[in-house]
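Take a look at the letters that make up each chain.
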Protein chains: 6
Amino acid sequence: MVYITRKERFNAAHKLYRAEWSEQKNLEIFGKCSNPNWHGHNYELFVTVKGEPAADTGFVIDLKFLSQLIKEKVIDKLDHKNINMDVDFMKDKMASTEVLAVAIWEQIAGPIQSQGCALHSVKLFETENNFVEYFG
Amino acid sequence: MVYITRKERFNAAHKLYRAEWSEQKNLEIFGKCSNPNWHGHNYELFVTVKGEPAADTGFVIDLKFLSQLIKEKVIDKLDHKNINMDVDFMKDKMASTEVLAVAIWEQIAGPIQSQGCALHSVKLFETENNFVEYFG
Amino acid sequence: MVYITRKERFNAAHKLYRAEWSEQKNLEIFGKCSNPNWHGHNYELFVTVKGEPAADTGFVIDLKFLSQLIKEKVIDKLDHKNINMDVDFMKDKMASTEVLAVAIWEQIAGPIQSQGCALHSVKLFETENNFVEYFG
Amino acid sequence: MVYITRKERFNAAHKLYRAEWSEQKNLEIFGKCSNPNWHGHNYELFVTVKGEPAADTGFVIDLKFLSQLIKEKVIDKLDHKNINMDVDFMKDKMASTEVLAVAIWEQIAGPIQSQGCALHSVKLFETENNFVEYFG
Amino acid sequence: MVYITRKERFNAAHKLYRAEWSEQKNLEIFGKCSNPNWHGHNYELFVTVKGEPAADTGFVIDLKFLSQLIKEKVIDKLDHKNINMDVDFMKDKMASTEVLAVAIWEQIAGPIQSQGCALHSVKLFETENNFVEYFG
Amino acid sequence: MVYITRKERFNAAHKLYRAEWSEQKNLEIFGKCSNPNWHGHNYELFVTVKGEPAADTGFVIDLKFLSQLIKEKVIDKLDHKNINMDVDFMKDKMASTEVLAVAIWEQIAGPIQSQGCALHSVKLFETENNFVEYFG
């Protein structure tokens with residue numbers, strides 16, 4: 001079993017808040033991340049796939065396929081977007097890095113499995129100091 | 001003459017658009033950066049000061065002073081903010097990296113000069129692939 | 001289960017040596033790391049916590065709490081210090097990266113558990129070329 | 001149990017192709033990686049060893065030994081070489097990152113075990129966007 | 001005057017050698033870089049343009065134009081290529097980083113000037129430890 | 001004229017203090033950098049040389065020569081050392097990054113000039129957030 005990882009990037013705006021909470025309570029719980037006018041990040045996404053290298057190509061998965069899949073299912077929907085407002089698969093969800101990583105997993109796990117390998121992890125950096133990993 | 005640089009960071013939302021242009025024209029000129037719902041970045045800021053090291057401390061400038069100055073005049077106003085909406089010194093300006101770098105220079109050049117040294121450059125990364133430098 | 005990581009930094013001096021060994025034997029075993037007059041590093045620390053994201057906040061753990069905890073229990077004790085001489089929780093221990101990573105785990109595992117989640121790993125970089133991981 | 005990692009680097013040329021396939025089929029399957037005249041990379045290699053820190057040194061493994069072992073068995077054979085043509089342990093194998101990572105494992109797992117610890121993983125970066133991990 | 005920089009990347013093979021020298025002399029002068037079977041690098045290219053930000057866009061140069069120009073004139077000719085064999089603008093030149101940086105300048109200086117701004121520098125990393133800058 | 005840069009690294013201990021000042025005054029001026037028991041850093045050093053590429057090699061300077069020169073004159077004297085106590089060329093000087101950068105310049109400018117090129121700059125990182133440049 002070999003694990004191969006592809007790194008992609010997207011730049012997006014978001015805020016952390018709950019509509020049913022007051023602005024004051026949102027500030028208490030989410031701090032400056034609750035700024036009503038949004039802030040944003042250069043997100044970095046690492047998608048790891050596991051499987052056996054194919055005898056003829058030496059590939060676990062075709063990285064062009066993987067990169068294109070991530071682009072269509074994830075990056076095109078998030079890049080230069082507002083995570084709270086613009087992204088179908090984040091509708092009615094908290095725009096936290098934890099929740100976003102799980103949502104990204106759900107976007108790509110199926111199509112990867114159809115290639116005869118398996119999604120192992122989604123790792124998502126919000127900043128150089130904060131990142132999240134999800135293993136399904 | 002020795003040059004010393006301090007790196008700081010801020011995370012902010014912005015968009016590139018002109019209110020007097022149609023959404024279509026904004027899209028043509030600014031591409032996905034014109035998304036009306038905003039996007040954002042982890043900005044990295046490098047402030048370079050030049051001067052003679054002091055005989056007793058070996059310092060061109062006290063880095064605690066410089067870091068505190070940048071924090072008060074720049075980071076506190078930009079971090080977790082919307083550059084177009086929330087930042088007094090960007091009012092009625094384009095939120096491009098070029099314009100922002102010049103505006104940051106204007107915020108800090110005076111107080112640095114009062115320390116017996118001089119601001120040499122402001123370098124501002126929007127992403128790992130795009131950055132701007134301004135030398136006054 | 002989601003894993004979230006916080007990166008912190010500290011700059012410290014240390015040396016590798018055993019007081020009961022001769023300077024010659026220390027040099028043989030520890031090489032230039034045994035310099036009696038010390039050397040130092042910019043350490044980078046990654047603390048990973050695992051748990052379920054909370055339904056209301058989307059958080060595994062409040063990163064402000066985690067960062068503050070690491071600051072009080074680890075960074076304030078190590079930053080700009082001598083690991084062999086100044087750090088209570090390293091008293092009478094080898095100042096190797098391995099031993100330090102285990103000692104950092106012991107400083108923070110309890111308070112993290114009290115938040116309804118669990119410390120998963122401590123990863124400690126001594127240089128860009130050498131790092132250690134401990135999983136309890 | 002503590003895990004310690006050493007990072008090393010090598011610069012090498014390679015291409016992805018199967019001699020029994022036409023140039024056209026190689027291009028279809030391997031894309032621009034099949035360029036008959038080669039291309040190359042700055043590879044980054046992370047070797048992780050697991051074990052108990054020794055009571056007297058605080059070491060899982062002597063990093064000078066580990067670095068020297070990797071140099072002799074891996075780096076000296078790959079650095080400034082052509083992976084397809086010059087490397088004994090890659091003879092008749094695909095020069096994919098997956099296959100290379102497995103081959104590097106086989107070069108060093110035995111000598112590490114003879115030190116009373118165990119090789120845990122080989123992590124190999126081909127570019128900043130693509131890397132492979134192998135755990136035996 | 002504001003300076004804006006775009007980073008691009010390419011992966012290529014090369015060797016340092018002079019055909020009129022013996023293999024022995026090439027080895028003496030160029031060391032392991034003279035390996036007849038080639039080696040390669042992940043090159044990183046920084047192109048810096050200087051000019052006045054436009055009043056309406058806040059741009060020194062349209063980064064999409066600049067990135068596309070670099071792609072057509074430089075990256076498409078170098079990426080996944082052999083610098084000595086495959087690149088028209090390196091024909092009969094030494095494939096050193098110095099010579100390559102100057103040749104890249106000559107590929108793009110004219111088209112940038114036609115945009116009402118000027119090429120300021122080409123910075124080319126061969127490895128994280130070696131890079132070259134050319135200012136015309 | 002082409003500029004070429006070589007990056008080297010060293011790990012060292014230091015403190016900022018003046019022996020004729022009280023411990024209290026040292027603390028006021030130098031903050032935690034005045035810890036009497038030392039602290040340390042992973043320093044990164046960039047040495048930039050300018051000149052004309054030679055017609056036969058394409059080199060401004062032989063990087064093996066430059067790297068070896070830096071090793072002998074700078075790295076061997078600083079690496080795994082105490083900058084205040086162990087380094088001949090820092091005797092009776094403040095161990096600030098500014099002063100150290102100037103001292104490194106003085107160690108290597110002459111030998112570089114003897115190669116038919118010129119030292120352009122010494123750039124020294126103390127941490128990822130603080131660095132100094134000296135141009136002679």
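About the thresholds
- Residues numbered from 1 in each chain as written.
- Chains lettered and ligands numbered in written order.
- Predicted model: local features only at pLDDT ≥ 70, side-chain atom pairs only at ≥ 80, totals over all residues.
- Heavy atoms only, no water.
- Helix = DSSP H or I, 4+ residues; strand = E, 2+ residues; numbered from the N terminus.
- Expected span 1.5 Å × (residues − 1).
- Bend = angle between axes of the 7 residues up to and from the residue.
- Buried < 20%, exposed > 50% of the residue type's maximum accessible area, 1.4 Å probe, protein only.
- Contact = heavy atoms within 4.5 Å.
- Buried area = accessible area lost by both parts, 1.4 Å probe.
- Salt bridge = Lys/Arg side-chain N within 4 Å of Asp/Glu carboxyl O.
- Nonpolar A, V, L, I, M, F, W, Y, C, P; charged D, E, K, R; others polar.
- Polar contact = N/O pair within 3.5 Å; in protein donor to acceptor, adjacent residues only side chain to side chain.
- pLDDT = per-residue confidence, 0-100.
- Phe/Tyr/Trp six-rings, centres within 6.5 Å; stacked < 30°, edge-to-face > 60°.
- Lys NZ or Arg CZ within 6 Å of the ring centre and 35° of its normal.
- Least-squares fit on C-alpha atoms with pLDDT ≥ 70 in both.
- Pairing = 2+ DSSP bridges.
- Lys, Arg positive; Asp, Glu negative; His and termini not counted.

### Let's talk about helix α4 (residues 97-113) of chain B
Structurally, the α-helix is built with 3.6 residues per turn, so residues lying three or four positions apart point the same way.
Residues and elements named next belong to chain B.
Line of reasoning, step 1. For α4, built from 17 residues, the straight-helix expectation of 24 Å at 1.5 Å per residue is met to within 8% by its first-to-last C-alpha distance of 24 Å.
Line of reasoning, step 2. Along α4, the largest kink reaches about 30° and is centred on Gln107; proline Pro111 follows within four residues of it.
Line of reasoning, step 3. Within α4, 13 of the 17 residues are buried, which leaves the element mostly enclosed by the surrounding structure.

### Remarks on the interface of chain F and chain C
Line of reasoning, step 1. Contacts between the two partners involve 23 residues from chain F and, on the opposite side, 23 residues from chain C.
Line of reasoning, step 2. Here chain F and chain C share an interface that buries about 1,800 Å² over both sides, 44% of which is from carbon and sulfur atoms.
Line of reasoning, step 3. Looking only at chain F, the three residues that lose the most surface to chain C are Asn37, Asn42 and His80 of chain F, adding up to 32% of its buried area.
Line of reasoning, step 4. The interface formed by chain F and chain C contains 4 salt bridges.
Line of reasoning, step 5. The partner of Arg9 of chain C in a salt bridge is Glu128 of chain F, with the nearest N and O atoms 2.4 Å apart.
Line of reasoning, step 6. At the level of secondary structure, the elements contributing two or more residues to the side of chain F that touches chain C comprise β1 (2-14), β2 (39-51), β3 (81-82), α3 (83-86) and β4 (118-127) of chain F.
Line of reasoning, step 7. Partitioning the side of chain F that touches chain C into residue classes produces 5 nonpolar, 10 polar and 8 charged.

### Comments concerning the interface of chain A and chain B
Line of reasoning, step 1. Counting residues at the interface gives 23 residues for chain A, matched by 23 residues for chain B.
Line of reasoning, step 2. Buried surface at the junction of chain A and chain B, both sides included, amounts to about 1,800 Å², of which 44% is carbon and sulfur.
Line of reasoning, step 3. Of all residues in chain A, the largest losses of buried area upon contact with chain B belong to Asn37, Asn42 and His80 of chain A, amounting jointly to 32% of the total for that side.
Line of reasoning, step 4. Our count for the chain A to chain B interface comes out at 4 salt bridges.
Line of reasoning, step 5. When the shortest N-O distance is used, the salt bridge between Asp79 of chain A and Lys32 of chain B registers 2.8 Å.
Line of reasoning, step 6. Our enumeration of links across chain A and chain B arrives at 19 residue pairs in polar contact (both at pLDDT 80 or more).
Line of reasoning, step 7. At the level of secondary structure, the elements contributing two or more residues to the side of chain A that touches chain B comprise β1 (2-14), β2 (39-51), β3 (81-82), α3 (83-86) and β4 (118-127) of chain A.
Line of reasoning, step 8. At 5 residues, β2 of chain A tops the list of elements feeding residues into the side of chain A that touches chain B.

### Overview of unusual backbone geometry
Line of reasoning, step 1. One non-glycine residue with positive phi stands out, namely Asp92 of chain C, at about 65°.
Line of reasoning, step 2. Residue position: Asp92 of chain C is located in the loop between α3 (83-86) and α4 (97-113).

### Concerning the confidence of the model for chain A
Line of reasoning, step 1. Residues at a pLDDT of 70 or more form 100% of chain A, whose mean pLDDT is 97.
Line of reasoning, step 2. The ipTM assigned to the predicted complex is 0.96, against a pTM of 0.97.

### Looking at the packing of aromatic side chains
Line of reasoning, step 1. Applying the stated criterion across every chain, the model contains 48 aromatic pairs over all chains.
Line of reasoning, step 2. An angle of 80° between the planes, with centres 5.4 Å apart, marks the rings of Trp105 of chain C and Tyr134 of chain C as edge-to-face. Pair noted here: Trp105 of chain C is in helix α4 and Tyr134 of chain C is in strand β5 (residues 130-134), with a separation of 29 residues, a long-range link. One exposure class covers both Trp105 of chain C and Tyr134 of chain C, and it is buried.
Line of reasoning, step 3. Following the ring pairs from residue to residue traces out a cluster consisting of Phe46, Phe125 and Phe131 of chain A, Phe46, Phe125 and Phe131 of chain C together with Phe46, Phe125 and Phe131 of chain D.
Line of reasoning, step 4. The ring centre of Trp21 of chain F lies 5.9 Å from the NZ or CZ of Arg18 of chain F, which sits over that ring.

### Considerations on the relation of the copies chain A and chain B
Line of reasoning, step 1. It takes a turn of 180° to lay chain A on chain B, together with a shift of 0.0 Å along the axis; the resulting RMSD is 0.0 Å. Within this description, the copies of the chain are treated as partners about a two-fold rotation axis.
Line of reasoning, step 2. A share of 100% of the interface residues of chain A reappears at the interface of chain B, consistent with the copies meeting face to face through the same patch.

### Considerations on the pairing of strand β2 (residues 39-51) of chain E
All names here are of chain E.
Line of reasoning, step 1. Across the 13 residues of β2, 11 count as buried, placing the element largely inside the fold.
Line of reasoning, step 2. Bridge count for strand β1 (residues 2-14) against β2 is 13 bridges, and the pairing is antiparallel. Note on β2: the bridge partner recorded for Tyr3 is Lys50.
Line of reasoning, step 3. Direction of pairing for β2 relative to strand β4 (residues 118-127): antiparallel, over a ladder of 7 bridges. Bridge assignment links Val47 to a residue of β4, and that residue is Val122.

### As for the environment of Asp62 of chain D
All names here are of chain D.
Line of reasoning, step 1. Relative to the helices and strands, Asp62 resides in the loop between β2 (39-51) and α2 (63-78).
Line of reasoning, step 2. Accessibility expressed as a relative area gives 28% for Asp62, which makes it partly exposed.
Line of reasoning, step 3. Distance in space between the C-alpha atoms of Asp62 and Gln115 is 9.1 Å, their sequence separation being 53 residues.
Line of reasoning, step 4. Engagement of the side chain of Asp62 in a polar contact is seen with the backbone nitrogen of Lys64, the distance being 2.8 Å.

### Regarding the side chain of Glu98 of chain A
Line of reasoning, step 1. Turning to its location among the elements, Glu98 of chain A is positioned in helix α4 (residues 97-113).
Line of reasoning, step 2. One buried charged side chain, Glu98 of chain A, makes no salt bridge at all; its nearest oppositely charged neighbour is Arg6 of chain C, positioned 11 Å away.
Line of reasoning, step 3. Not counting residues within four places of it along the chain, the set of residues in contact with Glu98 of chain A comprises Val132 of chain A together with Val2, Ile4, Pro53, Gly58, Phe59, Val60 and Ile61 of chain C.

### What to know about the pairing of strand β5 (residues 130-134) of chain A
Sheet faces and side chains relate simply in a regular strand, where the side chains alternate between the two faces.
Line of reasoning, step 1. Summarising burial for β5 of chain A: 5 of the 5 residues are buried, a large majority.
Line of reasoning, step 2. With antiparallel pairing between neighbouring strands as the criterion, β4 of chain A and β5 of chain A make up a hairpin whose turn holds 2 residues.
Line of reasoning, step 3. Here β5 of chain A runs beside strand β1 (residues 2-14) of chain C; their pairing, made up of 5 bridges, is antiparallel. When the bridges of β1 of chain C are listed, Tyr134 of chain A appears paired with Val2 of chain C.

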